[in-house]
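So you can see what is in the structure, the chains are spelled out below.
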Amino acid sequence: MQQPSGHEQNADQIAYWNGPSGQRWADRHAVQEKLLGPIADVLIDRAGPSPGERVIDVGCGSGAATVAFAKAVAPDGFALGLDVSEPMLSQARVLAPKGLPLDFVLADATVHPFEPASFDLLASRFGVMFFADPVASFANLRRALKPTGRLAFVCWREPKENPWMMAPLMAVYKHVPKMPPVGPEEPGPFAFASEERVVRILEGAGFVDVAMEPLNLAMDIAIGGGLDAAVEGSLQIGPASRALQGHPPETYEAAKASIREVLAPFLKGQNVALQGAIWIVTAKAG
């Protein structure tokens, strides 16, 4: 499988997203998009893409947000979806409607040679928290923006504010050792939870007028499929899934029962909704 050449410090992330985990995300694209689609709507609303503009979608995954941006800037604009995951980009190329002004590139945004000052908008839905050197990464991306360019992305707030991910993980921890703690400056889903850190990174990369808007969401992890679907989703994607990797089937089944027990009180009809919490981050190129 093709992998992008990238910044050496991003090698672990590139390997992760091109391995079984990246394939699982690709396989669950349709389901995950039902869960995360409303967040793309919020992002596009705050980003405000206009017809004729050129957009970079960083960490585009299977391309749903890139497609939405392409529709917003068509017919004369352009949307570039960038990701390090070949499994997800392969799917993006298949799923994207024909005739839209877009392209997908397998590349590491930290070092990709963008044409300088050629884009109006830099956007991302949960695709920018995995840089080993985020200041260098955002500086490279800022150079791709016109002087009038702008940034808009969404990222997760603190783990404790996201029980939709953490409740299943805590259930799994009844059966397996806790994963090594992730340092506050290390890549990961919650790497941009700190408002102070995000502002420091973006200003260090040359952005100005950084603003961060908190937004709470109800995350239906069953996606309308009932308790069984919520449990299976927790076991396939996210921190609970990572914590169980490498453990024997009997541990998996015991953890599955504990997840079910934890999630059952949240079942209403066919929905299992827990809180999610994001930052909507905006800035100007300077």
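Residues numbered from 1 in each chain as written. Predicted model: local features only at pLDDT ≥ 70, side-chain atom pairs only at ≥ 80, totals over all residues. Heavy atoms only, no water.

## Observations regarding helix α8 (residues 195-204)
In an α-helix, one turn spans 3.6 residues, which is why side chains three or four residues apart end up on the same side. Put simply, the test is: Working definition: with a 1.4 Å probe on protein chains only, accessible area under 20% of the residue-type maximum means buried, over 50% means exposed, and in between means partly exposed. Only DSSP runs of H or I reaching four residues or more are called helices, and only runs of E reaching two or more are called strands; each is numbered from the N terminus. Note that the arc is computed from the directions linking the helix axis to the C-beta atoms. In this description, contact between two residues means that some pair of their heavy atoms is separated by no more than 4.5 Å.
Listed in full, the buried residues belonging to α8 are Arg197, Val198, Ile201 and Leu202. Seen along its axis, α8 keeps its buried residues to an arc of 125°; they face one direction. Where α8 is buried, its residues touch α6 (134-143), β5 (145-156), β6 (208-220) and β8 (271-284). Glycine 206 sits one or two positions beyond α8 and adopts a positive phi of about 105°.

## Comments concerning the environment of lysine 268
On the secondary structure map, lysine 268 appears in strand β7 (residues 267-268). The spacing of lysine 268 and glycine 226 is 42 residues in sequence and 8.5 Å in space, taken between C-alpha atoms.

## Regarding the pairing of strand β4 (residues 119-125)
The condition that has to hold: Strands were regarded as paired on the criterion that DSSP finds at least two bridges between them. With the strands aimed away from the viewer, a crossover counts as right-handed if its path from the first strand over the helix to the second runs clockwise.
Most of β4 is tucked away, with 7 of its 7 residues classed as buried. Relative to β4, strand β1 (residues 54-58) runs parallel, the two being bridged by 3 bridges. Across the sheet, the residue bridging to valine 55 is leucine 121, located in β4. The pairing of β4 with β5 spans 6 bridges and is classified as parallel. Counted as the bridge partner of arginine 125 is valine 154 from β5. Once you follow β4 into α6 and on to β5, the crossover reads as right-handed.

## Here we look at the packing of aromatic side chains
Selection criterion: Two rings belonging to Phe, Tyr or Trp (six-membered ring only in the last case) form a pair when the distance between their centres is within 6.5 Å. Interplanar angles under 30 degrees mark stacking, angles over 60 mark edge-to-face geometry, and anything in between is tilted. Either the NZ atom of lysine or the CZ atom of arginine qualifies as a charge over a ring when it sits within 6 Å of the ring centre and within 35 degrees of the ring normal.
Tallied over the full model, the rule gives 10 aromatic pairs. Between the aromatic rings of tyrosine 16 and tryptophan 17, the centroid separation amounts to 5.0 Å while the plane-to-plane angle is 85°, which identifies the pairing as edge-to-face. Exposure remark for tryptophan 17: the relative accessible area of 13% places this residue in the buried category. These aromatic residues form a ring-pair network of at least three members: Phe131, Phe138, Phe153, Phe192 and Phe207. Taking the ring centre of phenylalanine 119 as reference, the NZ or CZ of arginine 54 above it sits at 4.5 Å. The ring of tryptophan 279 has arginine 157 lying over it, and the distance from NZ or CZ to the ring centre is 5.7 Å.

Everything listed is a geometric property; what it means functionally is a separate question.
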